[in-house]
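Summary of the model geometry
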Amino acid sequence: TVGLQLAEYEPVMCAADGCGAILNPYSYIDYHSKIWTCNFCLRCNPFPAHYADHITESNLPAELLPRCTTLEYIIPQASCAPPVFLLL
């Protein structure tokens, strides 16, 4: 897909039951506590260790950059579900 930022890792998802939102530039980030607040359900989520160890206001992952409101995640095959086709 032309022009999309590629992310070759799993997205960071909200842990709330039934939410499924993904970390994005509109999420509230607490850099001191290393947590993010889902902008859909308002649940506070801890960052995974590989994010928490490196994230600062000046060192952001692609999904938090304002210019990256849309990302294309390249997820390893092992974790991908097969496609689902719904015919109406």
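Refer to the structure printed above.
Residues numbered from 1 in each chain as written. Predicted model: local features only at pLDDT ≥ 70, side-chain atom pairs only at ≥ 80, totals over all residues. Heavy atoms only, no water.

Considering the state of the cysteines
The condition is simple: By disulfide we mean two sulfur atoms from cysteines, separated by a distance within 2.5 Å. Only protein chains enter the area calculation, which uses a 1.4 Å probe; residues under 20% of their type maximum are buried, those over 50% are exposed, and those in between are partly exposed.
Tallying each qualifying case throughout the model produces zero disulfides. Free cysteine: cysteine 44, not disulfide-bonded; nearest cysteine sulfur from cysteine 41 at 9.3 Å. Cysteine 68 carries a free sulfur, and the closest cysteine sulfur to it, the one in cysteine 38, is 19 Å from it. The class for cysteine 68 is buried, based on a relative accessible area of 4%.

Observations concerning the sheet that holds strand β4 (residues 44-46)
What counts here: At least two DSSP bridges between two strands are required for those strands to pair. What counts as a helix is a DSSP run of H or I of at least four residues, what counts as a strand is a run of E of at least two, and both are numbered from the N terminus. Working convention: axes come from line fits to C-alpha atoms, limited for helices to the stretch in contact. Angles between N-to-C directions cover 0 to 180 degrees.
Strand order across the open sheet formed by three strands is β2-β3-β4, with antiparallel pairing between neighbours. Two strands in the sheet have a free side with no partner beyond their single neighbour: β2 (28-30) and β4. The average angle at which neighbouring strand axes cross in this sheet is 25°, direction not considered.

Focus on the environment of leucine 64
Just so we agree on the cut-off: A contact between two residues is defined here by any heavy atoms of the two lying within 4.5 Å.
Position of leucine 64 relative to the elements: it lies in the loop between α1 (49-52) and β5 (71-73). By relative accessible area, leucine 64 is classed as buried at 8%. Along the sequence, leucine 64 and cysteine 14 sit 50 residues apart, while their C-alpha atoms lie 14 Å from each other. Residues within four places of leucine 64 in sequence aside, it is in contact with Leu23, Asn24, Pro25, Ile29 and Ile55.

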